Amino acid sequence: AMSNNAWDSVAEAYAERVEPFTSQFAAPLLDAACEALGGVALTGAHVLDVAAGSGAVALEALRRGAKVTATDGSGEMLRVASERARAANHELATRVAEGTALPLDLAGGSLLATSGFGVIFFPDVAAGIAELSRC
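Since this is a predicted model, take the numbers as computed values, not measurements.

K.L.:
Sorry if this is basic, but what is going on with the sheet that holds strand S1 (residues 46-49) here?
P.N.:
Note on sheets: strands pair through backbone hydrogen bonds, and any given pair is parallel or antiparallel. Strand order across the open sheet formed by 4 strands is S3-S2-S1-S4, with parallel pairing between neighbours. The sheet terminates laterally at strand S3 (93-96) and strand S4 (112-114), the two strands that pair on one side only. Direction aside, the axes of adjacent strands within the sheet are offset by 20 degrees on average. The sheet contact formed by S1 and S4 spans 3 bridges and is parallel. When the bridges of S4 are listed, valine 47 appears paired with leucine 112.

K.L.:
Which parts of the structure should I look at to understand the environment of serine 115?
P.N.:
One can find serine 115 in the loop between S4 and helix H5 (125-134). Judged by its relative accessible area of 12%, serine 115 is buried. Separated by 17 residues in the primary sequence, serine 115 and leucine 132 place their C-alpha atoms 8.1 Å from one another. In this structure serine 115 touches Leu29, Asp49, Val50, Ala51 and Leu132, once residues within four positions along its chain are discounted. A polar contact of 3.0 Å, which involves the side chain of serine 115, links it to the backbone oxygen of valine 50.

K.L.:
Whenever I open this one, the packing of aromatic side chains confuses me. Can you help?
P.N.:
Any two aromatic rings considered together are summarised by their centre-to-centre distance and by the angle between their planes. Counting across every chain of the model gives 5 aromatic pairs. Each ring, one from phenylalanine 21 and one from phenylalanine 117, has its centre 6.3 Å from the other, and the planes form 50 degrees; the classification is tilted. Pair noted here: phenylalanine 21 is in helix H1 (residues 4-22) and phenylalanine 117 is in the loop between S4 and H5, with a separation of 96 residues, a long-range link. Phenylalanine 21 gets classed as partly exposed once you look at its relative accessible area, which sits at 47%. Judged by its relative accessible area of 30%, phenylalanine 117 is partly exposed. Members of the aromatic cluster, each reached through a chain of ring pairs, are Trp7, Tyr14 and Phe121.

Cut-off values and rules
Positions within a chain are numbered from 1, following the residues in the order the chain's sequence is written. Where local features are concerned, this predicted model is filtered to residues with pLDDT of at least 70; where side-chain atom pairs are given and counted, the filter is 80 or more; whole-chain, interface and lining totals use all residues. Excluded from the side-chain calculations are hydrogens and water; all other atoms, namely the structure's heavy atoms, are used. Note on pairing: DSSP must find at least two bridges between two strands before they are called paired. Helix numbering and strand numbering both begin at the N terminus, where a helix is a DSSP run of H or I of at least 4 residues and a strand a DSSP run of E of at least 2. Orientation is described by lines fitted to C-alpha atoms, with helices fitted over the stretch in contact, and by angles between N-to-C directions that extend from 0 to 180 degrees. Burial here depends on accessible area, computed with a 1.4 Å probe over protein chains only, as a share of the maximum for the residue type. Under 20% is buried, over 50% is exposed, and the range in between is partly exposed. What makes two residues a contact is simply this: any of their non-hydrogen atoms within 4.5 Å. By the criterion applied in these results, polar contacts are pairs of N or O atoms within 3.5 Å in which, for protein atoms, one can donate a hydrogen and the other can accept it, and in which residues neighboring in sequence qualify only through two side-chain atoms. Centres within 6.5 Å are what make two rings of Phe, Tyr or Trp a pair, Trp counting through its six-membered ring; a difference in plane orientation under 30 degrees is then read as stacked, over 60 as edge-to-face, and the rest as tilted.

Encoded structure:
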């Protein structure tokens, strides 16, 4: 797994080169999650995006009218995500937090906790999935 400093150093390049691929999965991920929750809409709901990276899933949730908190271990990734949200006239709340040990105050306040591709980079994937299920 890359260290947070390493993710900080590649944040801009990740957004430019990798996210055009990964962002294709944001809408289907949210569609499937909303369907699994009984066909709910995200308008006005809170979504927690864990290991948000440069914000593909967070931005899609914002476009759907959700209030989104994006977490990531990399502050620079979150800065990129915030800038992208502002450029699209959305407000994105961010919080630097490790996906395998989320702060307790993030638990339970969201309709949906998501992670696009971030969870695959966790040093302990099972711990990350357990954290997502707690939220």
